[in-house]
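Each chain is listed here by its residues.
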Amino acid sequence: MNKSLEESAARLAPAIFVVLWSTGFIGTKYVINNAEPLTYLAIRMAFVVVVMAVIAAAARPKWPDRIGVMHSAVAGILVHGFYLGGTAIAIAHSIPAGLSALIPGLQPILTSTIANRWLGERVTPLQWGGLVLGLVGVVLILHDRPMTGEAGWGWLASGVSLISITLGTLYQRRYCNRIDWRAGNLVQYIAVTIFFGTGAWLFETNVVHWTGEFVLALAWLVFALSIGSISLLYWLIRHHAATSVASLFYLVPAVTALMAYMLFNERLDGVAIAGMAACAAAVLLVNRR
């Protein structure tokens, strides 16, 4: 019975992860209305550190050595720091929530064709073709969209998110796979809290409007995203190949776009939808064996 439940949970885990991860872009849009990006993230991570400290104190996991702590800190700054920071800054600079998920959603293409060479995996001609198709999809989506001024900074931040989540996932798999997730996550969140706190202090006013909308969205992002989906992501990384985990991200833009349409009435034109379809097809190509 226990084995059956475990197998069912393993089958459901990818779908649960996609839905949870997609809600992160929606929740970010709500909190950005009440706080600047790095300020909100510093607050979010401070709460997450408290929650993870309680979990670690109760579980008493094996703690990593000094090298393990360093690797966990680096992975945390990549997976949480630059990725979440880039996403929040993109949304704060008027990039729609649905499209803010798109650029980081190209992670499978980057992972399978370029970054995965770091793990010694051969890149096939079909996968290189997928890379080209994905780039065509991006061009279609960005067609006639403003690329300078405030929007330009937003798209740049999305690009930073793409690179950081790709490198962070690969780094986590290569150097942190044997570290207990409770201890490793606590180290990561401490490192990224310092990272965001420093950035908020240097570059932002630190003004926060503690509205009901902000508190509810923040609570969801702390528990469902930073605790739930990240723990699930690292579980998936430990139990699946890097490319298999990366392939889940191609579903996130479409799910996020659907949520954004229902909640914010964000609409995509036909060209943008065609570009999103091209990106999804590209990810399927690069993940074929």
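Worth saying up front: this structure is predicted, and the values here are computed from it rather than measured.

Rules used throughout
Residues numbered from 1 in each chain as written. Predicted model: local features only at pLDDT ≥ 70, side-chain atom pairs only at ≥ 80, totals over all residues. Heavy atoms only, no water. Helix = DSSP H or I, 4+ residues; strand = E, 2+ residues; numbered from the N terminus. Buried < 20%, exposed > 50% of the residue type's maximum accessible area, 1.4 Å probe, protein only. Contact = heavy atoms within 4.5 Å. Axes fitted to C-alpha atoms, helices over the stretch in contact; angles between N-to-C directions. Parallel < 35°, antiparallel > 145°, perpendicular 65-115°, else oblique. Left-handed = near helix turned anticlockwise from the far one by under 90°. Salt bridge = Lys/Arg side-chain N within 4 Å of Asp/Glu carboxyl O. Phe/Tyr/Trp six-rings, centres within 6.5 Å; stacked < 30°, edge-to-face > 60°. Lys NZ or Arg CZ within 6 Å of the ring centre and 35° of its normal. Expected span 1.5 Å × (residues − 1). Arc of directions from axis to C-beta. Core = buried A, V, L, I, M, F, W, Y, C linked by side-chain atoms within 4.5 Å.

Considerations on the overall build of the protein
Phase 1: Along its length, the protein carries 12 helices and zero strands.
Phase 2: Scored against the burial criterion, the 289 residues of the protein give a buried share of 52%.
Phase 3: Pairs at least 24 apart in sequence give 90% of the contacts found in the protein among residues at least 6 apart.

A short note on the side chain of Ser72
Phase 1: The topology assignment puts Ser72 in helix 3 (residues 66-92).
Phase 2: Not counting chain neighbours up to four residues away, the residues in contact with Ser72 comprise Cys176, Ile179, Gly184, Val187 and Gln188.

Quick word on the packing of helix 2 (residues 37-59) against helix 3
Phase 1: Helix 3 packs onto helix 2 with a crossing angle of 140° between their chain directions and a minimal axis gap of 9 Å. The angle between the axes of helix 2 and helix 3 places the two elements in the oblique class. Here helix 2 runs over helix 3; the crossing is right-handed. Taking contact as the criterion, the partners of Pro37, Tyr40, Leu41, Arg44 and Met45 in helix 2 are, on helix 3, Leu84, Gly85, Ala88, Ile89 and Ala92.

Topic: the environment of Leu251
Phase 1: Note that Leu251 resides in the loop between helix 10 (242-247) and helix 11 (252-264).
Phase 2: Judged by its relative accessible area of 35%, Leu251 is partly exposed.
Phase 3: For the pair Leu251 and Val19, spaced 232 residues apart in the sequence, the C-alpha separation amounts to 9.1 Å.

Concerning the pattern of salt bridges
Phase 1: What the rule picks out here adds up to one salt bridge.
Phase 2: The closest approach of N and O atoms between Asp180 and Arg182, which form a salt bridge, is 2.7 Å.
Phase 3: Of the residues examined, Arg182 reaches a relative accessible area of 23% and is grouped as partly exposed.

A word on the packing of aromatic side chains
Phase 1: Overall, the coordinates contain seven aromatic pairs when judged by the stated rule.
Phase 2: Seen from their ring centres, Phe17 and Trp21 are 5.1 Å apart, and the 40° between their planes marks the pair as tilted. Of this pair, Phe17 and Trp21 both sit in helix 1 (residues 2-32), four residues apart, which is roughly one turn of the helix. For the pair Phe17 and Trp21, one class covers both residues: buried.
Phase 3: Among the aromatic residues, those joined into a ring-pair cluster are Phe17, Trp21 and Tyr83.
Phase 4: Taking NZ or CZ as reference, Lys29 lies 5.3 Å from the ring centre of Phe264, over its face.

Looking at helix 11
Phase 1: Taking 1.5 Å as the rise per residue, helix 11 with 13 residues should run 18 Å; its terminal C-alpha atoms sit 17 Å apart, in good agreement.
Phase 2: Restricting attention to buried positions, one finds in helix 11 the residues Val252, Pro253, Thr256, Ala257, Met259 and Ala260. The arc that holds the buried residues of helix 11, viewed along the axis, is 165°, so those residues lie on one side. Turned more than 90 degrees from where helix 11 packs its buried face, Leu258 and Met262 sit exposed.
Phase 3: Immediately beyond the C-terminal end of helix 11, within one or two residues, lies Asn265, with a positive phi of roughly 60°.

Overview of the nonpolar core
Phase 1: Counting 46 residues, the largest nonpolar core has Phe17, Trp21, Val31, Tyr40, Tyr189 and Phe196 as its most contacted members.
Phase 2: Counting only elements with at least two residues in this core, the list comes to helix 1, helix 2, helix 3, helix 8 (181-203) and helix 9 (212-239).
Phase 3: In terms of residue count, helix 9 provides more of this core than any other element does, 13 residues in total.
Phase 4: Here Tyr40 is in contact with Thr28, Val31, Ile32, Ala35, Ala88, Leu218 and Leu221, once residues within four sequence places are set aside.
Phase 5: One finds Leu102, Ile103, Trp155 and Cys279 within the second-largest nonpolar core, a separate group that totals 13 residues.

A look at the environment of Ala157
Phase 1: Locating Ala157 in the fold gives a position in helix 7 (residues 149-175).
Phase 2: According to the relative accessible area criterion, Ala157 is buried, its value standing at 8%.
Phase 3: Ala157 has contacts with Gly86, Ile89 and Ala90, leaving out every residue within four places of it along the chain.

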